[in-house]
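The primary structure of each chain is shown beneath.
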Amino acid sequence: MDAIRIHGGTPLQGEIVIGGAKNAALPLMAAALLSDEALTLANMPELADISTMSNLLRQLGVRIDQSALGAGEDDPSAGATRRTMTLKTDNIASVTAPYDLVRRMRASVLVLGPLVARHGEAKVSLPGGCAIGTRPVDLHLKALEQLGAKIELKQGYVHATVPKRLKGARINFPMVTVGGTENAMMAAALAEGETIIENAAREPEIANLAECLNAMGAQVSGGGTGTIKIKGVERLNAGRVAVIPDRIETGTYAIAAAITRGNVKLSGTRYDMLDAVFDAMRQAGVSVEDVDGGIVVSAKDRLRGIDVMTEPFPGFPTDMQAQWMALMATADGASMITETIFENRFMHVPELTRFGADVNVHGASAIVRGSAQLSGAPVMATDLRASVSLVLAGLAAKGETLVNRVYHLDRGYERLEQKLAACGADIERVGGS
């Protein structure tokens, strides 16, 4: 099993190209089930989760072709090579998303809405537990029921059926759910009549899905706001859309520049998708500049401890909480980090303390008292974002760090060690324990 070895203490200097957003690409891929014509997705990342979704969609009858484009062709960042993916579902070959695939990636449940809407039936394994919390799909199911689907739970599977077409409805989510909003949007695109989704998730990935559905001939308005209106159509057509830049990758490398007291340009990304993180970084003493073609992040002096609380977009993202904790472990003074989205999302704390970080967890909050110097250590990753927080700590720490179980990283970070090494980091992938 691979590991990542880091000799820390080198300020990062250079440029990192940000890839397409995993959390945007996955629902866009699922949307291909809604039409028998081709959907072409530009700026696709090359990640383990993308491969998992591709394998699932192929089982359902989707034909997938991939190609690489040179810079300038649907490419938000000059000098990069980007992949496009074309998906075509002439016929639904199966309505079953098996446990063996769904257990590897919770986003697999996003095939539920499209299958029911187009084929009238879907049988999708319940995702099961997760290292960072249960994240139940009950809100997805209630939304589909409101659209007219009959839902049965049998032997660990969700069996959803509708005799003819789904019917538009008013859906008011009791709490913000990104996946639930995405499933409801895709299902409503082919429903009869109008659907209004209240308390919808406002993440940029939702706006990207709305853009995709409209490119296919849907009638979606309000994507990226708290209220989304969808006028159902009888069929969707071919479409083409570019995947937005990955805001969590953007934030992660911004933290990498800050934690090493370096200077890095992040190319091909957007400042507006990460306002809350950049505001907190500025308060902590980090320089963040919105420049042509990207963002420049730099830091020189000891940073200040700043309190943050995770919230749905546009608040501070839960997917940046572990990275922020690593940064605060190197700051001057104390900071409090409060997690409001997922339970069990402080699993990285015991590993961070192996670097000498001073972190105490009290319920949903963690108190971090910064240290002038972290020390390298062997550590073990527990989930995707926890994994990268350990890499960040290793970049700042004195001595050698070995991060084990880095297969988590490959789910969400493309060529991470190469991108960091190009900016001067002493980092390599090795065979681990």
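Predicted model only: the values in this text are computed from it and were never measured. (Residues numbered from 1 in each chain as written. Predicted model: local features only at pLDDT ≥ 70, side-chain atom pairs only at ≥ 80, totals over all residues. Heavy atoms only, no water.)

A word on the overall build of the protein
1) Next: From N to C terminus, the protein includes 14 helices and 24 strands.
2) Next: A compact globule built from 433 residues would reach a C-alpha radius of gyration of about 22 Å, and the protein, at 22 Å, matches this within 12%.
3) Next: The principal-axis extents of the C-alpha atoms in the protein amount to approximately 65 × 45 × 40 Å.
4) Next: For the protein, the proportion of contacts with a sequence separation of at least 24, taken over those separated by at least 6, is 75%. (Helix = DSSP H or I, 4+ residues; strand = E, 2+ residues; numbered from the N terminus. Rg over C-alpha atoms; globule rule 2.2 N^0.38 Å. Contact = heavy atoms within 4.5 Å.)

Some remarks on the packing of aromatic side chains
1) Next: Inspection of the entire model under this criterion finds two aromatic pairs.
2) Next: Against the face of Y157 rests K123, its NZ or CZ located 5.4 Å from the ring centre. (Phe/Tyr/Trp six-rings, centres within 6.5 Å; stacked < 30°, edge-to-face > 60°. Lys NZ or Arg CZ within 6 Å of the ring centre and 35° of its normal.)

Section: the nonpolar core
1) Next: If you look at the biggest cluster of nonpolar residues, it comprises 82 residues, and the most contacted ones within it are M29, L57, V111 and M185.
2) Next: When neighbours within four sequence positions are excluded, M185 is seen to be in contact with I197, I206, L209, A210, L213, V220, I228 and I230.
3) Next: Core analysis: the second largest hydrophobic core is formed by 68 residues, A329, A331, L409 and A425 among them. (Core = buried A, V, L, I, M, F, W, Y, C linked by side-chain atoms within 4.5 Å. Buried < 20%, exposed > 50% of the residue type's maximum accessible area, 1.4 Å probe, protein only.)

Quick word on empty space enclosed by the protein
It is the rolling of a water-molecule-sized probe over the atoms that shows where space remains empty.
1) Next: Across all of its chains, the model carries three cavities of 30 Å³ or more by this definition.
2) Next: The computed volume of the largest cavity comes to approximately 50 Å³.
3) Next: Forming the boundary of the largest cavity are G19, G20, P45, L47, D246, E249, G412, Y413, E414 and K419.
4) Next: Broken down by class, the residue content of the lining of the largest cavity amounts to three nonpolar, three polar and four charged. (1 Å grid on protein atoms, 1.4 Å probe; cavity = no way out; pocket = protein on both sides within 12 Å on 5 of 7 lines; lining within 4 Å. Points joined across faces, edges and corners; volume = space filled by probe spheres on them. Nonpolar A, V, L, I, M, F, W, Y, C, P; charged D, E, K, R; others polar.)

Topic: the sheet that holds strand β11 (residues 194–198)
1) Next: Strand order in the open sheet formed by four strands is β10-β11-β13-β12, and the pairing between neighbours is mixed. In the strand order of this sheet, the two ends are held by β10 (170–172) and β12 (219–221), each with one partner. Across this sheet, the average inter-strand angle for adjacent strands is 15°, counted without regard to direction.
2) Next: Of the strand pairs in this sheet, β10 and β11 are connected by three bridges, and their pairing is parallel. Counterpart to N172 in the pairing with β11 is E198. (Pairing = 2+ DSSP bridges. Axes fitted to C-alpha atoms, helices over the stretch in contact; angles between N-to-C directions.)

Notes on the confidence of the model for the protein
1) Next: Averaged over the protein, the pLDDT score is 92; the fraction of residues at 70 or greater is 94%.
2) Next: Counting contacts from residues 70–80, a segment whose pLDDT is below 50, to residues more than four positions away or on other chains yields 20 contacts.
3) Next: In this model residues 129–135 is a low-confidence stretch, pLDDT under 50, and it forms 19 contacts with partners more than four residues away in sequence or in other chains. (pLDDT = per-residue confidence, 0-100.)

Focus: the environment of V288
1) Next: Note that V288 resides in strand β16 (residues 287–291).
2) Next: Exposure remark for V288: the relative accessible area of 4% places this residue in the buried category.
3) Next: Here the alpha-carbon distance between V288 and Y271, two residues 17 residues apart in the chain, equals 9.4 Å.
4) Next: Once you skip the residues sitting within four places of it in the chain, V288 turns out to touch Y271, F278, M281, R282, I295, V296 and V297.

Topic: the packing of helix α1 (residues 22–30) against helix α2 (residues 48–60)
1) Next: With their axes 10 Å apart at the nearest point, α1 and α2 run at an angle of 10° to one another. As judged from the angle between their axes, α1 and α2 are roughly parallel. Across the interface between the two elements, K22, A25, L26, M29 and A30 from α1 touch D49, I50, M53, S54 and L57 from α2.
2) Next: A per-class count over the contact of α1 with α2 returns seven nonpolar, one polar and two charged. (Parallel < 35°, antiparallel > 145°, perpendicular 65-115°, else oblique.)

A look at unusual backbone geometry
1) Next: Geometrically, the link from F313 to P314 is a cis peptide bond, its omega value of 15° lying close to zero.
2) Next: When you line up the elements, P314 lands in the loop between β18 (308–309) and α10 (321–328).
3) Next: Residues other than glycine seldom take positive phi values, yet R261 does so here, at roughly 60°.
4) Next: Looking at the secondary structure, you find R261 in the loop between α8 (247–259) and β15 (263–267).

Overview of the side chain of E203
1) Next: Structurally, E203 is set in the loop between β11 and α7 (204–215).
2) Next: Comment: no salt bridge for buried E203; closest opposite-charge side chain is R247, at 4.5 Å.
3) Next: Beyond its immediate stretch of four places on either side in the chain, E203 contacts V178, G224, R247, P312 and F313. (Lys, Arg positive; Asp, Glu negative; His and termini not counted. Salt bridge = Lys/Arg side-chain N within 4 Å of Asp/Glu carboxyl O.)

Considerations on the sheet that holds strand β21 (residues 365–369)
1) Next: The strand order across the open sheet built from four strands is β18-β19-β21-β20, with neighbouring strands paired in mixed fashion. What marks the edges here is a single partner per strand, and that holds for β18 and β20 (358–362).
2) Next: In this sheet, β21 lies alongside strand β19 (residues 334–338) in antiparallel orientation, the contact comprising five bridges. Within the sheet, the bridge partner assigned to M336 lies in β21 and is I367.
3) Next: Where α10 meets the sheet, its contacts fall on β18, β19, β20 and β21, and the angle it forms with β19 comes to roughly 170°.

Re the side chain of T338
1) Next: Topologically, T338 is positioned in strand β19.
2) Next: A polar side-chain atom of T338 sits 2.9 Å from a polar atom in the side chain of S365.
3) Next: For T338, the residues in contact, after removing those within four places along its chain, are V308, M309, T310, A364 and S365. (Polar contact = N/O pair within 3.5 Å; in protein donor to acceptor, adjacent residues only side chain to side chain.)

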